[in-house]
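Listed below, chain by chain, are the residues.
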Amino acid sequence: MLTIAQLTRLPRKFSKYYDRQFLPLLEKTDLTMREVHVLLFLANHPGQDTARDVTELRGLAKSQVSQAVEIMAGRGLLARRADGEDRRIIHLEITEKGAPLAKEAQGIQAACGRRLLAGLTGKEQAVFLDLLERVLRETEELSTEKECSYEPAKC
């Protein structure tokens, strides 16, 4: 039976595997994994294209996102565009120069997902992903709770 300790190690173990898969891309492009995370977020979430979106939804620190955006904009991989209604809001766009890099990173990301599920049949994958989605929704709700009473039914 899966223990809480095993469950909490799972994201760290997968993260190590995931990051290793990007090493050739990082070496080829001289980008950091943080910059790739920002690029992938923008590629994978159309319409959620501000540094604030990346910070809030990806869970990266504001300073890390700002630095990554600054570096990639300086290299011509991202462009900034002021919002038409509120000029204080800056939208981020992957440029033509950045698009092939984003596609390559998405390919690596997809391969990691396929590898993670490779030991399951198609039906098992569908069930697993459905259950995982439900657990993630529950986790979102738990993350907003203020305290736990340590009653098994509530924790």
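As a starting point, this report considers the structure included with it. All of these numbers come straight from a predicted model, not from anything done at the bench.

1. Digging into the overall build of the protein
Okay, so step 1: In terms of helices and strands, the protein carries seven helices and two strands.
Okay, so step 2: When the helices and strands of the protein are listed from N to C terminus, the series reads α-α-α-α-α-β-β-α-α.
Okay, so step 3: Taken along the three principal axes of its C-alpha coordinates, the protein extends 50 × 35 × 25 Å.
Okay, so step 4: When each of the 155 residues of the protein is scored for burial, the buried share is 24%.
Okay, so step 5: Long-range pairs, those at least 24 residues apart, make up 45% of the contacts in the protein with a sequence separation of at least 6.
Okay, so step 6: For the protein, the accessible area works out to roughly 11,300 Å², and carbon and sulfur atoms hold 56% of it.
Okay, so step 7: Between the mean site of the 24 positive side-chain charges and the mean site of the 23 negative ones, the protein shows a separation of 5 Å.

2. Focus: the layout of surface pockets
Empty space left among the atoms is revealed by rolling a probe the size of a water molecule over them.
Okay, so step 1: Taken as a whole, the largest pocket encloses approximately 970 Å³ of empty space.
Okay, so step 2: The wall of the largest pocket is formed by 20 residues, among which Leu10, Pro11, Phe14, Leu116 and Leu132 lie closest to the centre.
Okay, so step 3: Among the elements of the structure, α1 (4-21), α6 (99-117) and α7 (122-144) are those that each provide at least two residues to the lining of the largest pocket.
Okay, so step 4: The leading source of residues in the lining of the largest pocket is α1, at seven residues.
Okay, so step 5: Residue classes in the lining of the largest pocket are distributed as 13 nonpolar, four polar and three charged.

3. Here we look at the pattern of salt bridges
Okay, so step 1: Per the counting criterion, the structure on display carries eight salt bridges.
Okay, so step 2: Linking Glu56 and Arg52 is a salt bridge whose minimum nitrogen-to-oxygen distance equals 3.1 Å. Here Glu56 pairs with Arg52, and both are found in helix α4 (residues 51-58), just four residues apart, close to one helical turn. Residue Glu56 shares its accessibility class with Arg52, and that shared class is exposed.
Okay, so step 3: Note that Glu133 and Arg137 form a salt bridge whose closest N and O atoms lie 3.1 Å from each other. Residue Glu133 and its partner Arg137 are located together in helix α7, separated by four residues, close to a single helical turn.
Okay, so step 4: A relative accessible area of 46% places Arg137 in the partly exposed class.

4. Remarks on the packing of aromatic side chains
Okay, so step 1: Inspection of the entire model under this criterion finds three aromatic pairs.
Okay, so step 2: Ring plane angle 45 degrees and centroid distance 5.9 Å describe the contact between Phe14 and Tyr17, whose orientation is recorded as tilted. A residue pair is termed a helical-turn pair when its members lie 3 or 4 positions apart in one helix, as Phe14 and Tyr17 do in helix α1 at three residues.
Okay, so step 3: Take Phe14: its relative accessible area is 26%, and that puts it in the partly exposed class.
Okay, so step 4: Through a chain of ring-to-ring contacts, three or more aromatic side chains come together here, namely Phe14, Tyr17, Tyr18 and Phe22.

5. Some details on the side chain of Thr50
Okay, so step 1: By the secondary structure assignment, Thr50 is in the loop between α3 (33-44) and α4.
Okay, so step 2: Non-local contacts of Thr50, meaning those with residues more than four positions away in its chain, are made with Ile89, Ile90, His91 and Leu92.

Here is what the cut-offs are and how they apply
Residues numbered from 1 in each chain as written. Predicted model: local features only at pLDDT ≥ 70, side-chain atom pairs only at ≥ 80, totals over all residues. Heavy atoms only, no water. Helix = DSSP H or I, 4+ residues; strand = E, 2+ residues; numbered from the N terminus. Buried < 20%, exposed > 50% of the residue type's maximum accessible area, 1.4 Å probe, protein only. Contact = heavy atoms within 4.5 Å. Areas by Shrake-Rupley, 256 points an atom, 1.4 Å probe, with all protein chains shown as cover. Lys, Arg positive; Asp, Glu negative; His and termini not counted. Charge placed at Lys NZ, Arg CZ, Asp CG, Glu CD. 1 Å grid on protein atoms, 1.4 Å probe; cavity = no way out; pocket = protein on both sides within 12 Å on 5 of 7 lines; lining within 4 Å. Points joined across faces, edges and corners; volume = space filled by probe spheres on them. Nonpolar A, V, L, I, M, F, W, Y, C, P; charged D, E, K, R; others polar. Salt bridge = Lys/Arg side-chain N within 4 Å of Asp/Glu carboxyl O. Phe/Tyr/Trp six-rings, centres within 6.5 Å; stacked < 30°, edge-to-face > 60°.

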